Amino acid sequence: MSKLLVGSATDVGLVRSNNQDQLLVAPGLYAVADGMGGHAAGEVASETAVRALRAAFEASDVRSAEALRSAAKAANRAVWEQARANRGMFGMGTTLVALAVVERQDGTNALAVAHIGDSRLYLLRGQSFHQVTVDHSLVQELVDDGQITEAEAAVHPQRHVLTRALGVEPSAEVDLIHLVPEPGDRYLLCSDGLPREASDDQIAAVLTRFADPTEAARELVALANSNGGNDNISVVVVDVSANDASPKSLIVVPPGEDPERYGHDRGRAPSATAATGSLSAGQKSSITGSRTPGDRKVRSALRQPPTRQEHGATALPGRLTWRVVSFVSALCIVVGGAIGCLAWYARSSYFVTLSGNRISIYQGRPGGVMWFQPTLAERTDDTASSVLPYNLGTLRAGHLEPSLPDAKLYISRLISEKREAEVVTPASARGAPRSASKTTTTARTTTARTARAVPTTRPVGTPGRAGRAKPSAPA
Ligand code: MG
């Protein structure tokens, strides 16, 4: 028969204004939750999850590993429903790592871990210090794929992005890990505020130096704060007594109780030279699980943005969910694309019009398109008198051309048309019935030719519309 002795500590850290972490130390059930969301929503999410987890697990008929996983799923539903019921809490969620004493079918006790997010469970066993859980984070997937190293992951700009979290969807995929405890095991549950500030070697050194779990927990919090304290820090240390060679039956020593009453070996002194890294084959055989570290479903949340100490910027409270960031990004792309198309439509053409009495070329569309107003491209020396009167209506409305050279060519055609008419109808002959008839014929021919060059959709309005008349019939 072995005993469990527990110590815990939590701290807001040195940068955050509130503590969104939540601890649970209950008989045979220990957990750390790290909330995310708005200013208060993160606290609500982690507190709701822990409370629902405990209620569901303690209400289960048999405290089995599957009951622990079911309790975690119940916690997911509780957070999800609370987020739906409160508009200001939309998108909130939390990580969760829970360690429980469970009953096996043969009647013996074991330990089980329910895990989602990047709060972690470590195991100090003999000379080894090992991370049992695998983070559900973007950088963990990049590491698994061999795209980045662990060292690069520690400083990666998207190291805050989670791929799974509790409460952000109606149902959650929770990893379940089965553990067969061994005498002297020391388990550490913690939020990411600890490993973000301290290396595995530093954490292992504290765990091996302080035999008392409460003292070890407090020292770990102090270590994280001494290294920056950029996030909330929460730790739970669970010891399996070392004075019993048969840990198949576990007795929980309530926090604050004298372990001597339960036969706990308080003199347990783990090796001061414990190494971090992999477990031996024998040690690994005592850990089985259903975690899926390669899961590619990126569907949970974004961690808190970089803190003031990390990037010299003002820290923002809470975390944004990955779904919200994706939605905002997609919205920005759609809106940006629409504005780009509108700008292209508004500025891709030129039109010829009268500016005062001068024939001018503007880039844009007559009257402008929304906030894209036409701009003067070129003002010619030609005036309204340089073209035939019946073209003035078109000019006042603005004649569209696809490019600046085309616009210049159009002006040249108008002027040529006027000159051609003057040659055919000398000034001396103006007013004579026969010549007038000839002029009219020529003008009609030219009008038909010009009309083919004018778009069928007539643009409306020009810059400085004041004083301009609607298109008029040829004079
Ligand atoms: Mg955190």
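Residues numbered from 1 in each chain as written. Predicted model: local features only at pLDDT ≥ 70, side-chain atom pairs only at ≥ 80, totals over all residues. Heavy atoms only, no water.

## Quick word on the overall build of the protein
Rule in force here: Put simply, DSSP H or I for four residues or longer makes a helix, DSSP E for two residues or longer makes a strand, and each gets a number counted from the N terminus. For this analysis, residues touch if any pair of their heavy atoms sits within 4.5 Å. Computed with the Shrake-Rupley method and a 1.4 Å probe, the accessible areas treat only the protein chains shown as cover for residues.
Along the backbone of the protein there are 12 helices and 18 strands. Considering only contacts within the protein whose residues lie at least 6 apart along the sequence, 71% involve residues at least 24 apart. With an accessible surface of roughly 21,500 Å², the protein has 55% of that area assigned to carbon and sulfur atoms.

## With respect to the pairing of strand β2 (residues 21–26)
Short version of the rule: Strand pairing follows a simple DSSP-based rule, namely that at least 2 bridges must link the two strands.
For β2 and strand β3 (residues 29–36), the ladder comprises 6 bridges, and the chain directions are antiparallel. Counted as the bridge partner of Gln 22 is Ala 33 from β3. Counted between consecutive antiparallel strands, the loop separating β2 from β3 contains 2 residues, among which Gly 28 sits at a positive phi close to 75 degrees.

## Details of the sheet that holds strand β16 (residues 358–363)
Using the following cut-off: Helix axes are fitted only over the stretch in contact, all axes being lines through C-alpha atoms; the angle between N-to-C directions runs from 0 to 180 degrees.
Here 4 strands make up an open sheet; going across it, the order is β17-β16-β15-β18 and the pairing antiparallel. Only two strands of the sheet have a single partner each, and these edge strands are β17 (375–383) and β18 (399–401). This sheet shows a mean twist of 30 degrees between the axes of neighbouring strands, independent of strand direction. The pairing of β16 with β17 spans 5 bridges and is classified as antiparallel. What sits directly across from Arg 358, in β17, is Thr 383. Here helix α11 (residues 404–424) sits on the sheet and contacts β15 (350–355), β16, β17 and β18; the angle it forms with β17, its principal contact strand, is near 20 degrees.

## As for the coordination of the magnesium ion
The condition is simple: Coordinating donors are taken to be N, O and S atoms lying within 2.8 Å of the metal, or within 3.2 Å when the metal is Na, K or Ca; because water is excluded from the atom set, some sites may appear incomplete. A simple rule labels every residue: compare its accessible area, found with a 1.4 Å probe on the protein chains alone, to the largest value its type can have, and call it buried under 20%, exposed over 50%, or partly exposed in between.
Surrounding the magnesium ion are the protein donor atoms Asp 34 (OD), Asp 192 (OD) and Asp 231 (OD), which sit 2.1 to 2.3 Å from the metal. Donor residues for the magnesium ion sit on one chain with the sequence pattern D-x157-D-x38-D. Placement of Asp 34 in strand β3 and of Asp 231 in the loop between α6 (213–226) and β11 (233–240) is noted, with a sequence separation of 197 residues between them. Pair check on accessibility: Asp 34 and Asp 231 agree, each one buried.

## What about the pairing of strand β6 (residues 109–116)?
Looking down a regular strand, the side chains alternate between one sheet face and the other. Most of β6 is tucked away: 8 of the 8 residues are buried. On β6, burial covers both faces: Asn 109, Leu 111, Val 113 and His 115 on one face and Ala 110, Ala 112, Ala 114 and Ile 116 on the other are all buried. By the bridge criterion, 8 bridges tie strand β5 (residues 96–103) to β6 in an arrangement that is antiparallel. Among the inter-strand pairings, Val 97 is bridged to a residue of β6, identified as His 115. As consecutive antiparallel partners, β5 and β6 are separated by 5 residues, and within that stretch Gly 107 has a phi angle of approximately 90 degrees, a positive value.

## Some details on the side chain of His 115
Mapped onto the fold, His 115 is located in strand β6. Filtering out sequence-adjacent residues up to four positions away, His 115 remains in contact with Leu 96, Val 97, Thr 133, Val 134, Asp 135, His 136, Val 174 and Asp 175.

## A word on the pattern of salt bridges
Inclusion rule: Any carboxyl oxygen of Asp or Glu that lies within 4 Å of a side-chain nitrogen of Lys or Arg is treated as forming a salt bridge with it.
As enumerated under the stated definition, the model contains 14 salt bridges in all. Between Glu 58 and Arg 54 there is a salt bridge; the shortest N-O distance is 2.9 Å. Note that Glu 58 and Arg 54 are positioned in helix α1 (residues 41–59) at a spacing of 4 residues, about one turn of the helix. Here Glu 58 falls in the partly exposed class, since its relative accessible area comes to 37%. Its relative accessible area of 34% is what places Arg 54 among the partly exposed residues. For Asp 239, the salt bridge identified is with Arg 186, shortest N-O distance 2.7 Å. Taken together, the residues Asp 239 in strand β11 and Arg 186 in strand β10 (residues 186–190) connect sequence positions 53 residues apart. Each member of the pair Asp 239 and Arg 186 is classed as buried. Connected through salt bridges with shared partners, the residues Arg 16, Asp 192, Arg 196 and Asp 231 form a single ionic network.

## What about the nonpolar core?
What counts is decided by this rule: Side-chain atoms within 4.5 Å link the members of a nonpolar core, which is a set of buried Ala, Val, Leu, Ile, Met, Phe, Trp, Tyr and Cys residues.
By size, the foremost hydrophobic cluster in this structure holds 35 residues, and its most contacted members are Leu 29, Leu 53, Phe 57, Leu 68, Met 92, Leu 96 and Leu 166. Secondary-structure elements contributing two or more residues to this core are β2, β3, α1, α2 (65–85), β5 and β6. Excluding residues that lie within four positions of it along the chain, Leu 29 makes contacts with Leu 24, Leu 53, Arg 54, Phe 57, Leu 68, Leu 99 and Ala 100. Ranked by size, the runner-up nonpolar core spans 22 residues in total, among them Ala 204, Phe 210, Leu 223 and Val 237.

## Section: the packing of α1 against α2
Two numbers describe a pair of packed helices, the interaxial angle and the distance between the axes. Note the cut-off: When an angle is under 35 degrees it counts as roughly parallel; over 145 it counts as roughly antiparallel; between 65 and 115 it counts as roughly perpendicular; any other value is oblique. When the near helix sits turned anticlockwise from the far one by under a right angle, the crossing is termed left-handed; a clockwise turn instead gives a right-handed crossing. Residue polarity is assigned by list, with Asp, Glu, Lys and Arg as charged and Ala, Val, Leu, Ile, Met, Phe, Trp, Tyr, Cys and Pro as nonpolar; anything else, Gly included, falls into the polar class.
Running from N to C, α1 and α2 point in directions that differ by 140 degrees, and their axes come no closer than 8 Å. By the angle between their directions, the pair α1 and α2 is classed as oblique. In this structure, the crossing between α1 and α2 has a hand that is right-handed. Judged by residue contacts, Val 44, Ala 45, Thr 48, Ala 49, Ala 52, Leu 53, Ala 56 and Phe 57 of α1 engage Ala 67, Leu 68, Ala 71, Ala 72, Ala 74, Ala 75, Ala 78, Val 79 and Gln 82 from α2. Looking at side-chain class alone, the contact of α1 with α2 contains 15 nonpolar, 2 polar and no charged residues.

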